[in-house]
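In case you want the letters, here they are:
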Amino acid sequence: MSVPALHRPALSVVPNRPEERVVDADVYRSVFRRHAAGVVVITADAGYGPVGFTATSLVSISLLPPLVSFAIATSASSWPTVSTATSLVINFLSADQHAIAGRFATSGIDRFAEPTRWSRLASGEPVLDEAPSYLRAQVEHRFAVGDHYLVVARLATHTERREHEPLLYHDGNYAKAHHV
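Numbering of residues starts from 1 in each chain and follows the order in which that chain's sequence is written. Where local features are concerned, this predicted model is filtered to residues with pLDDT of at least 70; where side-chain atom pairs are given and counted, the filter is 80 or more; whole-chain, interface and lining totals use all residues. Side-chain calculation: all heavy atoms of the structure are included, whereas hydrogens and water are not.

Undergrad: Which residues make up the overall build of the protein, and what values do they have?
TA: The numbering of helices and of strands both runs from the N terminus, where a helix is a DSSP run of H or I of at least 4 residues and a strand a run of E of at least 2. Assigned secondary structure in the protein consists of three helices and twelve strands. It is over C-alpha atoms that the radius of gyration is taken, and the globule rule equals 2.2 Å times the number of residues to the power 0.38. Relative to its length of 180 residues, the protein is extended, with a C-alpha radius of gyration of 22 Å against a globular reference of 16 Å. Principal-axis analysis of the C-alpha atoms places the extent of the protein at approximately 90 × 30 × 30 Å. When burial is assessed residue by residue, the protein has 32% of its 180 residues classed as buried. Working note: accessible area of the protein is about 11800 Å², and carbon and sulfur atoms make up 56% of it. When charges are counted, Lys and Arg contribute as positive and Asp and Glu as negative, whereas His and the chain ends are disregarded. A charge is said to be at NZ when it belongs to Lys, at CZ for Arg, at CG for Asp and at CD for Glu. Seen as two clouds, the 16 positive and the 17 negative side-chain charges of the protein have centres 3 Å apart. Between buried and exposed lies partly exposed: a residue is buried under 20% and exposed over 50% of the maximum accessible area for its type, with that area taken using a 1.4 Å probe on protein chains only. Here the open area of atoms and residues is found with the Shrake-Rupley method and a 1.4 Å probe, where only the protein chains shown may cover a residue.

Below you can see the structure in the form of structure tokens.
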């Protein structure tokens, strides 16, 4: 009795399959430019005056306790303050606040000078007066990761001043969400 030959399907080739590329700095930037992200401005003061920077790396990481994380470059002008601050404010931006996002993404300027409107919370942290909502948080951890630090913060309070459409960053530009 003969054993039938096993049938093996032929390997199929996906037509026009793009070639895989090593992820270098240029590929990394290109990939993440196309990943839409919410835009916030993180502000802090460790006793030497307010600092702030635009971030698109805010991530919710835990419900109990309520924790978020964000990344900041070791070369960022705000890093020395964030490296020692015990608390900070995460200012959410609305879809029409491109100018604020751009201002806090610009290096070499006084980001808190006019036309920026800001004040201090009763607990001392700087907050943007025009932010439609914000979170006040206590810094819990700072982890060195590559050329950045990953900061983990425990959320303490939330203030919502008004409902808003979020400001997004996509493909190198600020944008608003398109609802389907």
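Undergrad: An account of the sheet that holds strand 10 (residues 148–160) is requested, with residue identities and associated values reported.
TA: The strands making up a sheet are joined through hydrogen bonds of the backbone, oriented either antiparallel or parallel. Judged by pairing direction, the sheet is antiparallel, and its seven strands sit side by side in the order 3-2-6-9-10-5-4 without closing on themselves. With partners counted over all chains shown, the strands left at the sheet margins are strand 3 (51–55) and strand 4 (59–62), one partner each. The mean inter-strand angle of the sheet, taken between neighbouring strand axes irrespective of direction, is 35 degrees. Two strands form a pair only when DSSP identifies at least two bridges running between them. Two strands pair when backbone bridges link them, and strand 6 (residues 87–92) and strand 9 (residues 133–145) are joined in this way by six bridges, in the antiparallel orientation. The residue bridging Phe92 from the neighbouring strand is Ser133, located in strand 9. Angles here are taken between N-to-C directions and fall from 0 to 180 degrees, while the axes themselves are lines fitted to C-alpha atoms, restricted in helices to the stretch in contact.

Undergrad: Hey, could you go over the layout of surface pockets for me, with residue numbers and the actual values?
TA: The pocket and cavity definitions rest on a 1 Å grid over protein atoms only: a 1.4 Å probe that fits but cannot leave marks a cavity, an open set with protein on both sides within 12 Å along at least five of seven lines marks a pocket, and residues lining either have an atom within 4 Å of a point. Grid points are joined across faces, edges and corners, and a volume is the space filled by probe spheres set on the points. Taken as a whole, the largest pocket spans an internal volume of roughly 1200 Å³. Along the walls of the largest pocket sit 28 residues, with Tyr28, Thr54, Thr56, Ser57 and His148 positioned nearest its centre. Elements with a minimum of two residues in the lining of the largest pocket: helix 1 (25–33), strand 3, strand 5 (67–73) and helix 3 (98–105). Note that Gly is not counted as nonpolar here; it falls among the polar residues with everything else outside the nonpolar set of Ala, Val, Leu, Ile, Met, Phe, Trp, Tyr, Cys and Pro and the charged set of Asp, Glu, Lys and Arg. Class assignment for the residues of the lining of the largest pocket results in 15 nonpolar, eight polar and five charged.

Undergrad: Describe the side chain of Thr81, with residues and values.
TA: The residue Thr81 is located in helix 2 (residues 79–82) in this model. The contact definition used throughout considers only heavy atoms, calling two residues in contact when any of these lie within 4.5 Å. Discounting residues that sit within four places of it in the chain, Thr81 has contacts with Ala44, Asp45, Ala46 and Val51.

Undergrad: Just give me the short version of the sheet that holds strand 1 (residues 37–38), but keep the residues and values in it.
TA: The strand order across the open sheet built from three strands is 1-11-12, with neighbouring strands paired in antiparallel fashion. Of all the strands in the sheet, just strand 1 and strand 12 (173–176) have a single pairing partner and so form its edges. Summarising the sheet, strand 1 and strand 11 (residues 167–170) pair through two bridges and their orientation is antiparallel. Bridge assignment links Gly38 to a residue of strand 11, and that residue is Leu168. Taken strand by strand, helix 3 contacts strand 11 and strand 12, and its axis lies near 150 degrees from that of strand 12.

Undergrad: If you had to explain a nonpolar patch on the surface to someone new, which residues and values would you point to?
TA: Patch construction takes residues with relative accessible area above 30% that form no salt bridge. Like charges are linked within 9 Å, and nonpolar side chains (Val, Leu, Ile, Met, Phe, Trp, Tyr) are linked within 5 Å. Here, a salt bridge means any side-chain nitrogen of Lys or Arg that lies within 4 Å of a carboxyl oxygen of Asp or Glu. Taken together, Val23, Tyr28, Val31 and Phe32 make up a surface patch of nonpolar side chains, about 430 Å² in accessible area. The topology assignment puts Tyr28 in helix 1.

Taken by themselves, the reported measurements are silent on function.
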